[in-house]
Amino acid sequence: MYLFSTVVASLAVFFLLKWMKKSRYCTDVKRLDSKTVLITGGSCGIGKETAVALATRGARVVIACRDADKAAKAVREIKFRSRSLAVVSMELDLANLRSVRDFCKTFLQQEKRLDILINNAAMPGVLDWTDDGFSMCLGVNHLGHFLLTNLLLGRLKECAPSRVVTLTCSSYKYQKLDFRDLNYNLLPFFTYCRSKLANVYFSQELGRLMQGKGVTSYAVHPGFVQSDWTCHYSFLFRTVMRVLMWMFFVPCETGAQTVVYCAVSDEAAHRGGGYFADCRPAALRPFARDAGAAKKLWEASERLVKLV
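About the thresholds
- Residues numbered from 1 in each chain as written.
- Predicted model: local features only at pLDDT ≥ 70, side-chain atom pairs only at ≥ 80, totals over all residues.
- Heavy atoms only, no water.
- Buried < 20%, exposed > 50% of the residue type's maximum accessible area, 1.4 Å probe, protein only.
- Helix = DSSP H or I, 4+ residues; strand = E, 2+ residues; numbered from the N terminus.
- Pairing = 2+ DSSP bridges.
- Right-handed = clockwise from strand over helix to strand, strands pointing away.
- Core = buried A, V, L, I, M, F, W, Y, C linked by side-chain atoms within 4.5 Å.
- Contact = heavy atoms within 4.5 Å.
- Axes fitted to C-alpha atoms, helices over the stretch in contact; angles between N-to-C directions.
- Salt bridge = Lys/Arg side-chain N within 4 Å of Asp/Glu carboxyl O.
- Expected span 1.5 Å × (residues − 1).
- Phe/Tyr/Trp six-rings, centres within 6.5 Å; stacked < 30°, edge-to-face > 60°.
- Lys NZ or Arg CZ within 6 Å of the ring centre and 35° of its normal.
- pLDDT = per-residue confidence, 0-100.
- Parallel < 35°, antiparallel > 145°, perpendicular 65-115°, else oblique.
- Nonpolar A, V, L, I, M, F, W, Y, C, P; charged D, E, K, R; others polar.

### Topic: the pairing of strand E1 (residues 36-40)
With 5 of its 5 residues buried, E1 lies for the most part within the structure. Burial of E1 is two-sided: the residues Thr36, Leu38 and Thr40 facing one way and the residues Val37 and Ile39 facing the other way are all buried. Relative to strand E2 (residues 60-65), E1 runs parallel, the two sharing 5 bridges. Counted as the bridge partner of Leu38 is Val62 from E2. Note on the crossover from E1 through helix H2 (residues 45-56) to E2: the handedness is right-handed.

Right, here's the structure in full:
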């Protein structure tokens, strides 16, 4: 009887975990021949899986990474898995706004097209600071991508119809922005949540500003993914999280599906400024749909990165 109960309980847990990790896949087989895609943080995790998927569809893929050696290794893997030679890497440190500006200058000189920009790179909740004095989460997750996107907007409009896909997280719902202290950096998880809410606002305001200009914007929650974000933490924390991620989180290939969907799907083309999860539009909390807050963050971000 004990053995029978153990087997039944084990099977119940197995199927529960399988159900919790169930996700939709992007079934759109649209080709991207002659298109150029830029992916930040494309050397690992969701970014690398997205690069493989889009390179397989014929796109020229540029992965922008801080670590040149890691990027070179990723390029070789992406080429092998996608059977495409049109994959290159460029150096970019989103924690340094000078690096962002230098990257954009080089990119615009070397690449004649930009059809899809995927703002994928992110920092987890860490109490650290960028070279420009911003909290690491705000600086990398929001401000670095904000400046990058704005400096490349001209090329995106030239190649219209084009798309900007910004990865966020459903944890945005646990915090609200304090415009008196956007550089909040006290509790790591709260800092991360605020940066993810900033991603949502940024994507919405970008969509509003680009209406009628051929550039559509999407915010994507990829799900909870088995990526290497734990590398910023202690050995004990990494060990515990590996077990939890194996049990409850989805593989990076699965996490990339909604990103790919927003990058290629004709269905998504008519939902610019939207928030997506599991390859379909998803609902946002009311405070995350505040157009006034989105505009206010955009204007504050312009001042912080010295665009105005």
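### A short note on the nonpolar core
If you look at the biggest cluster of nonpolar residues, it comprises 50 residues, and the most contacted ones within it are Leu38, Phe103, Phe107 and Leu148. Contributing elements (two or more residues each) for this core: E2, helix H4 (97-110), helix H5 (136-158), helix H6 (188-209), strand E6 (215-221) and helix H10 (291-304). Among the nonpolar cores identified, the runner-up in size contains 38 residues, and Ala53, Ala71, Val220 and Tyr261 belong to it.

### Thoughts on the sheet that holds strand E7 (residues 274-277)
What links the strands of a sheet is backbone hydrogen bonding, and the strands pair in either a parallel or an antiparallel sense. Pairing within the open sheet is mixed, and its 8 strands lie in the order E3-E2-E1-E4-E5-E6-E7-E8. Of all strands in the sheet, those bounded by a partner on one side alone are strand E3 (87-91) and strand E8 (280-281). Sheet contacts for H5: E1, strand E4 (116-119), strand E5 (162-167) and E6; angle to E4, the most-contacted strand, approximately 175 degrees. Against the sheet, H6 engages E4, E5 and E6, with an angle of about 160 degrees to E6.

### Section: the pairing of E7
Here E7 shows no split at all, with Gly274 and Phe276 on one side and Tyr275 and Ala277 on the other all buried. Taken together, the 4 bridges between E6 and E7 define a ladder with parallel strand orientation. The residue bridging Tyr218 from the neighbouring strand is Gly274, located in E7. When E7 meets E8, the two strands line up antiparallel, connected through 2 bridges. Following the sheet pairing, Phe276 is matched in E8 by Pro281. Hairpin geometry of E7 and E8 is characterised by an intervening segment of 2 residues between the two adjacent antiparallel strands and by a positive phi of about 55 degrees at Asp278.

### Topic: the pattern of salt bridges
Within the structure shown, the criterion is met by 12 salt bridges. Where Asp115 meets Arg113, a salt bridge forms, and the shortest distance between an N and an O atom there is 2.6 Å. Accessibility expressed as a relative area gives 32% for Arg113, which makes it partly exposed. Among the salt bridges present, the one from Arg180 reaches Asp178, with a minimum N-O distance of 3.2 Å. The network of salt bridges with shared partners includes Lys48, Glu49, Glu77 and Arg81.

### Let's talk about H6
For H6, built from 22 residues, the straight-helix expectation of 32 Å at 1.5 Å per residue is met to within 8% by its first-to-last C-alpha distance of 32 Å. Burial of H6 is extensive: 17 of the 22 residues sit out of reach of the surface.

### What to know about the packing of aromatic side chains
Applying the stated criterion across every chain yields a total of 10 aromatic pairs. Centroid distance Phe202 to Trp298: 5.7 Å. Interplanar angle 10 degrees. Geometry classified as stacked. Of the two residues, Phe202 sits in helix H6 while Trp298 sits in helix H10, which places them 96 residues apart along the sequence. Taking the relative accessible area as the measure of exposure, Phe202 reaches 4% and is therefore buried. According to the relative accessible area criterion, Trp298 is buried, its value standing at 7%. In this arrangement the basic side chain of Arg83 is found over the ring face of Phe80, its NZ or CZ atom lying 4.9 Å from the centre.

### As for the confidence of the model for the protein chain
Per-residue confidence for the protein chain gives a mean pLDDT of 88; residues scoring 70 or more make up 85%. For residues 7-21, every residue scores under 50 in pLDDT, and the model assigns this stretch 9 contacts once sequence neighbours within four places are set aside.

### Quick word on the packing of H5 against H10
One can describe the packing of H5 onto H10 by two numbers: an axis separation of 10 Å at closest approach and a directional angle of 85 degrees. Between H5 and H10, the angle falls in the class roughly perpendicular. Taking contact as the criterion, the partners of His142, Leu143, Phe146 and Asn150 in H5 are, on H10, Leu297, Trp298, Ser301, Glu302 and Leu304. Partitioning the contact of H5 with H10 into residue classes produces 5 nonpolar, 3 polar and 1 charged.

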